[in-house]
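Here is what each chain is made of, one letter per residue.
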Amino acid sequence: MNAFKAFKAQAPIAWSPHLYITLVRGIPGTRRLHRRTLEALRLRKCNRTVMRWNTPTVRGMLQQVKRLVVIETEEMHKARKQNDVNHRAVRPPLVINHLPASASSS
């Protein structure tokens, strides 16, 4: 299961006024129409995310390039960002005792 599907499973999908669009496939080798659509969405590099209003125009553009992008609602985007923060958080150090159990009890 890829990471985006895991995040989608965590947050319920609901209507959102904003869409977070992430370019996950490369632009080289794509059709000119798709490149122009990505340019109109302001997606120029892989793994970059932009926020756009949820309008029929934007949804039509996303329909053209749906194989190149991942679309998230606000809830999904916030859940993914929170998981990233939790994953990168400083964890307490591990304390390892190398003494045998009988020596440590006396």
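In what follows, the structure referred to is the one given above.
No experiment lies behind these values; they were computed from the predicted model shown.

(A) A look at the pattern of salt bridges. Applying the stated criterion to the full structure yields 1 salt bridge. The closest approach of N and O atoms between glutamate 72 and arginine 80, which form a salt bridge, is 3.0 Å. Taking relative accessible area as the criterion, arginine 80 reaches 10% and is therefore assigned buried.

(B) How the structure looks around the environment of asparagine 97. Along the polypeptide, asparagine 97 turns up in the loop between helix H4 (74-88) and helix H5 (101-105). Overall, asparagine 97 belongs to the exposed group, its relative accessible area being 53%. A distance of 3.2 Å separates a polar atom in the side chain of asparagine 97 from the backbone nitrogen of leucine 99.

(C) Geometry of the sheet that holds strand S2 (residues 49-53). Strand order in this open sheet of 3 strands is S2-S1-S3, and the pairing throughout is antiparallel. With one partner strand each, in any of the chains shown, S2 and strand S3 (69-72) form the two edges of the open sheet. Across this sheet, the average inter-strand angle for adjacent strands is 30°, counted without regard to direction. Each of strand S1 (18-23), S2 and S3 touches helix H3 (residues 56-64); the most contacted strand, S1, lies at about 25° to it.

Thresholds, definitions, all that
Per chain, residue numbering runs from 1 following the sequence as it is written. Thresholds applied to this predicted model are a pLDDT of at least 70 for local features of residues and 80 or more for the giving and counting of side-chain atom pairs; totals over whole chains, interfaces and linings are not thresholded and use all residues. Each side-chain value is worked out from all heavy atoms of the structure, with water and hydrogens disregarded. Basic side-chain nitrogens of Lys or Arg form a salt bridge, by our definition, when they fall within 4 Å of a carboxyl oxygen of Asp or Glu. Exposure categories follow from relative accessible area, calculated using a 1.4 Å probe and restricted to protein chains: below 20% of the type maximum is buried, above 50% is exposed, and the middle band is partly exposed. We count a stretch as a helix when DSSP gives it H or I for four or more residues in a row; a strand needs E for two or more, and each element gets its number in order from the N terminus. Whenever a nitrogen or oxygen atom comes within 3.5 Å of another N or O atom, the pair is scored as a polar contact, on the condition that within protein one atom can donate a hydrogen and the other can accept it, and that pairs from neighbouring residues in sequence are kept only if both atoms are in side chains. Between any two strands, at least two bridges found by DSSP are needed for them to pair. All axes here are fitted lines through C-alpha atoms, helices being fitted over the stretch that makes contact, and every angle between N-to-C directions spans 0 to 180 degrees. Pairs of residues are marked as contacts when any of their non-hydrogen atoms sit within 4.5 Å.

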